[in-house]
Amino acid sequence: MLAPLSFGEGLGVRLMNKKIQLQDLGNKDYKETWDYQEQLFKQIVDIKIQNRKFNSQPMPAGSQVPTPNFLLFVEHPHVYTLGKSGDMSNLLLSEKQLEAKGATFYKINRGGDITYHGPGQIVGYPILDLENFFTDIHKYLRFLEEVIILTLAEYNIIGTRSEGETGVWLDLGTPFARKICAMGVRASRWVTMHGFALNVNANLGYFDNIIPCGIKGKAVTSMHVELGEKVNEVELKQKIVKHFSTLFDANFKRFEI
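Definitions and limits used
Residues numbered from 1 in each chain as written. Predicted model: local features only at pLDDT ≥ 70, side-chain atom pairs only at ≥ 80, totals over all residues. Heavy atoms only, no water. Helix = DSSP H or I, 4+ residues; strand = E, 2+ residues; numbered from the N terminus. Buried < 20%, exposed > 50% of the residue type's maximum accessible area, 1.4 Å probe, protein only. Contact = heavy atoms within 4.5 Å. Areas by Shrake-Rupley, 256 points an atom, 1.4 Å probe, with all protein chains shown as cover. Core = buried A, V, L, I, M, F, W, Y, C linked by side-chain atoms within 4.5 Å. Salt bridge = Lys/Arg side-chain N within 4 Å of Asp/Glu carboxyl O. Pairing = 2+ DSSP bridges. Expected span 1.5 Å × (residues − 1). Polar contact = N/O pair within 3.5 Å; in protein donor to acceptor, adjacent residues only side chain to side chain. Axes fitted to C-alpha atoms, helices over the stretch in contact; angles between N-to-C directions.

### A short note on the overall build of the protein
A count of helical and extended segments in the protein gives 5 helices and 12 strands. Residues classed as buried in the protein amount to 50% of the 257 residues present. Considering only residue pairs separated by 6 or more positions, the protein has 77% of its internal contacts joining residues 24 or more positions apart. Accessible surface, the protein: about 12100 Å² in total, of which carbon and sulfur atoms supply 52%.

Have a look at this one:
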């Protein structure tokens, strides 16, 4: 559990914090990770609520507390998740078939439709107070896409955006268009959660059981398929952090529970 943050006395002046605490959770159950995200999300929101109380009245120095930011890396066991605007018909498996495939299913509170998470996929959950960076959800999503596009470019993979469809694609506008990274976020009080799922060494067969992101007629792919060899996931995560740091003008530090 995280240690509680104490509130001192302050000026009521907004304190910007561009430090992002980085944590690699390894292989972790989806629901446990979702609960952990909610815990971090609530911690940030609670601080913001308290800070706004301080802003409404004259306060001595020290009352404002800077809000923390987090980036979680994780790899999930086989799981399908459906966003709040998603269509259940995009899951092509019954409950028994899910069980037979060793997969679980959750309806969750992010945007977007259905997606798959599993071994060989790097999932990133930025839990940020956007008031530390910029207050623009559209810009935030484009920055997440750009992090992945720049990372893929280091492997000579050309990623691009599809207008009206969040995420990163390859060979868009051709008969061979395929998605390599899915994205879906939730934001409240300018605090974000959920994030991106990049197929790195993923078993693409599990995508056959859904209509990915509710988009028919477009395939999915994984970096190891495009490159013809397995990708070093540790090095890849380092590249993601590098580009995230540059785009968000942020400083990363390791974070442990």
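### Let's talk about the nonpolar core
In terms of nonpolar packing, the biggest core is built from 36 residues, with Leu198, Met223, Leu236 and Phe248 touching the most fellow members. When contributions to this core are tallied by element, the ones reaching two or more residues are strand 1 (19-27), strand 2 (70-75), helix 3 (137-153), strand 8 (165-170), strand 9 (178-188), strand 10 (191-199) and helix 5 (233-248). Considering every element that reaches this core, the biggest residue donor is helix 3, with 8 residues. If sequence neighbours within four positions are ignored, Met223 has contacts with Leu152, Tyr155, Ile157, Ile180, Leu198, Asn199, Val200, Val231 and Leu236. Within the second largest apolar cluster, 19 residues are counted, among which are Leu40, Phe41, Val79 and Ile127.

### What about the pattern of salt bridges?
Side-chain pairs of opposite charge can arise where the charged atoms are in close proximity. Applying the stated criterion across every chain, the model contains 15 salt bridges. Between Arg178 and Glu226 there is a salt bridge whose closest N-O contact spans 2.8 Å. Taken together, the positions of Arg178 in strand 9 and Glu226 in helix 4 (residues 223-227) put the pair 48 residues apart, joining distant regions of the chain. Of the residues examined, Glu226 reaches a relative accessible area of 29% and is grouped as partly exposed.

### With respect to the pairing of strand 1
Bridge count between strand 1 and strand 12 (residues 251-254): 4 bridges; the pairing is parallel. Each bridged residue has a counterpart across the sheet, and for Gln21 the counterpart in strand 12 is Lys253. Pairing of strand 1 with strand 2, which is carried by 5 bridges, proceeds in the parallel orientation. Across the sheet, Gln21 pairs through a bridge with Phe70, a residue of strand 2.

### What about helix 3?
It helps to recall that an α-helix has 3.6 residues per turn; residues three or four apart then point in one direction. For helix 3, built from 17 residues, the straight-helix expectation of 24 Å at 1.5 Å per residue is met to within 8% by its first-to-last C-alpha distance of 24 Å. One side-chain oxygen at the N-terminal end of helix 3 lies 3.0 Å from the backbone nitrogen of His138; it belongs to Asp136.

### Looking at the sheet that holds strand 4 (residues 104-107)
Judged by pairing direction, the sheet is mixed, and its 3 strands sit side by side in the order 4-3-5 without closing on themselves. Every interior strand has two partners, whereas the edge strands, strand 4 and strand 5 (114-117), have only one. The mean inter-strand angle of the sheet, taken between neighbouring strand axes irrespective of direction, is 20°. Pairing of strand 3 (residues 79-82) with strand 4, which is carried by 4 bridges, proceeds in the parallel orientation. Its bridge partner being in strand 4, Leu82 is matched across the sheet by Lys107.

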